Structure formats: structure tokens, C-alpha cells
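The lines below spell out each chain.
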Amino acid sequence: VIMAPKNPKKPNMDTHALWFDRKKYVTVNFMVQRPKDVQVDIQPDKMILCCKNETDDVYYNELHFYDKVQIYDSRERVYDRTINVLLRKLKPDCAWPRLQKDPAKPSWISVDFDNWRDWEHEEDDGKEEYDQYVDVSEFSALSNKIT
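Counting starts from 1 at the beginning of each chain's written sequence and moves along it residue by residue. Note on the predicted model: pLDDT of at least 70 is required for a residue's local features to be given, and 80 or more for side-chain atom pairs to be given and counted; whole-chain, interface and lining totals, by contrast, use all residues. Each side-chain value is derived from all of the structure's non-hydrogen atoms; neither hydrogens nor water enter the calculation.

Q: An account of the packing of aromatic side chains is requested, with residue identities and associated values reported.
A: When two rings of Phe, Tyr or Trp (its six-membered ring) have centres within 6.5 Å they constitute a pair, described as stacked for plane angles under 30 degrees, edge-to-face for angles over 60, and tilted for the intermediate range. This model, assessed by the stated rule, comprises three aromatic pairs. Judged by centre distance (5.2 Å) and plane angle (85 degrees), the rings of Trp19 and Trp116 are edge-to-face. Of this pair, Trp19 sits in strand E1 (residues 17-21) while Trp116 sits in the loop between strand E8 (109-111) and helix H1 (127-146), placing them 97 residues apart in sequence. The interplanar angle of 45 degrees and the centroid separation of 6.3 Å between the aromatic rings of Phe65 and Trp96 together place this pair among those described as tilted. Remark: Trp96 occurs in the loop between strand E7 (82-89) and E8 and Phe65 occurs in the loop between strand E5 (58-64) and strand E6 (69-78); sequence separation between them is 31 residues. Each residue is placed in one exposure class: buried if its accessible area under a 1.4 Å probe, protein chains only, is under 20% of its type's maximum, exposed if it is over 50%, and partly exposed if it falls in between. The exposure class assigned to Phe65 is buried, which follows from its relative accessible area of 3%. Among the aromatic side chains, those forming a connected cluster through ring pairs are Phe65, Tyr66 and Trp96. Helical segments are the DSSP runs of H or I of at least four residues, strand segments are the runs of E of at least two, and each set is numbered from the N terminus.

Q: Describe the environment of His64, and please don't skip the residues or the numbers.
A: Residue position: His64 is located in strand E5. Look at His64 and you get partly exposed, because its relative accessible area is 37%. Along the chain, His64 and Gln43 lie 21 residues apart, while their C-alpha atoms are 9.3 Å from each other. Other than its neighbours up to four places away in sequence, His64 contacts Asp45, Lys46, Leu99, Gln100 and Lys101. Counting of polar contacts relies on pairs of N or O atoms within 3.5 Å, with two restrictions inside protein: one atom must be capable of donating a hydrogen and the other of accepting it, and residues adjacent in sequence are counted only when both atoms are side-chain atoms. At 3.4 Å, the side chain of His64 forms a polar contact with the side chain of Glu62. Residue contacts follow a heavy-atom distance rule, with two residues in contact if any of their heavy atoms lie within 4.5 Å.

Q: Give a detailed account of the pairing of E5, specifying residues and quantitative values.
A: Here E5 lies mainly inside the structure; five of its seven residues are buried. Hairpin connection between strand E4 (residues 46-52) and E5: a loop of five residues separates the two successive antiparallel strands, and Asp56 in this loop has a positive phi of roughly 65 degrees. Whether two strands pair depends on DSSP finding at least two bridges between them.

Q: Give a description of the nonpolar core that names residues and reports values.
A: As used in this record, nonpolar core signifies buried Ala, Val, Leu, Ile, Met, Phe, Trp, Tyr and Cys residues forming a set joined through side-chain atoms within 4.5 Å. Ranked by size, the top nonpolar core spans 22 residues in total, and within it Val28, Phe30, Met47, Val85, Leu87 and Leu99 carry the most contacts. Among the secondary structure elements, those contributing two or more residues to this core are E1, strand E2 (25-31), strand E3 (36-42), E4, E5 and E7. Every residue in contact with Phe30, bar those within four places of it in the chain, is listed here: Thr15, His16, Ala17, Met47, Leu49, Asn61, Arg81, Thr82, Ile83, Val85 and Trp108.

Q: Describe in detail the sheet that holds E8, supporting the description with residues and values.
A: Strand order in this open sheet of five strands is E6-E7-E2-E1-E8, and the pairing throughout is mixed. Only two strands of the sheet have a single neighbouring strand rather than two, namely E6 and E8. The sheet shows a mean angle of 20 degrees between the axes of neighbouring strands, taken without regard to direction. Pairing analysis gives six bridges linking E6 to E7, with the strands arranged antiparallel. Looking across to E7, one finds that Val69 is bridged to Lys89. Inter-axis angles, ranging from 0 to 180 degrees, are taken between N-to-C directions of lines fitted to C-alpha atoms, where helices are fitted over the stretch in contact.

Q: Account for the sheet that holds E3, with residues named and values stated.
A: Spatial strand order, E3-E4-E5: three strands in an open sheet with antiparallel pairing. On the outer flanks of this sheet lie E3 and E5, each paired with one strand and no other. Adjacent strand axes in the sheet meet at a mean angle of 5 degrees when their direction is disregarded. By the bridge criterion, seven bridges tie E4 to E5 in an arrangement that is antiparallel. Pairing of Leu49 across the sheet is with Asn61, part of E5.

Q: Can you tell me about the state of the cysteines, naming the residues and giving the values?
A: Two cysteines whose sulfur atoms are joined by a covalent bond form what is called a disulfide. Disulfides are defined as pairs of cysteine sulfur atoms found within 2.5 Å of each other. Tallying each qualifying case throughout the model produces zero disulfides. Lacking any disulfide linkage, Cys51 is separated from the closest cysteine sulfur, that of Cys50, by 6.8 Å.

The values reported here are purely geometric and, on their own, carry no functional implication.
Take a look at the structure:
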């Protein structure tokens, strides 16, 4: 369980997140410059992200999902400027009109319009994102063993 860090001198901040919906997956990209000490806890109905950026600012986001996700088929990857979270929907083929359960939109969540598309008439959407994710993860693991 990830607890919100308490530091009266440096309050926790929400990091900005961009999200988009696909047939089988929801993708959330948390925008953090050079994230470190990254902790992600994905639960069926919510997720918690806690990390620091390059200047040791602490970010803490708690997100209650619009619908349930499969935790064992959901993953995260850390990049130089983002933390990418791939959430497998419990109910595929069910569009999420919003990312969070509460209809009031938090200021730190935005739709990723560059990646948004109407997927309802597509055949096998989601497999490509998942396969790409697995390929990159396996490549990263392999390259870590080589070096």
C-alpha cells in the first residue's frame, strides 16, 4: 500500500495526466520530468502513483476508475518524461466516457486527443498496444541483462 508522503515544507502535488480509451485498454500518461522512486499500485477500482521528479518534488495521484480493470494484465513503464500506465478493462468493448468515477473532472486530468479515436467499429484494437508494450518490456529486460 502506498501512503501519501507527509512533508510540511514540500506539499505533495498532482502530476498532470493525459489519457485515451481503446477497445480493451485505457492508457494514462503521467507527465513527470525524469521520474524516480516511482511506485504504482493498480487495484481493480483505483490506482495510486507516487514519485519524485528531477528536483525531488513529490507527486502523489490517486485515481478512482470509471470502471474496473484487470490488475494482473495492467502494467506501467517509466520513461524520461512520462510514466505510462496501460490498464486492461474488465469489460472490453465498453467505452469509458471519462477516466475517473466522479463526473467532476480534476484539473490534472486531460484527454489525449492526439491518440484518441473512435474504436467502436475496429476489429482487434488493443492488441497492437499490448504487443508493443510487451516487446519493449522484454527488450528492456534483455538489454538490462546484457549491460
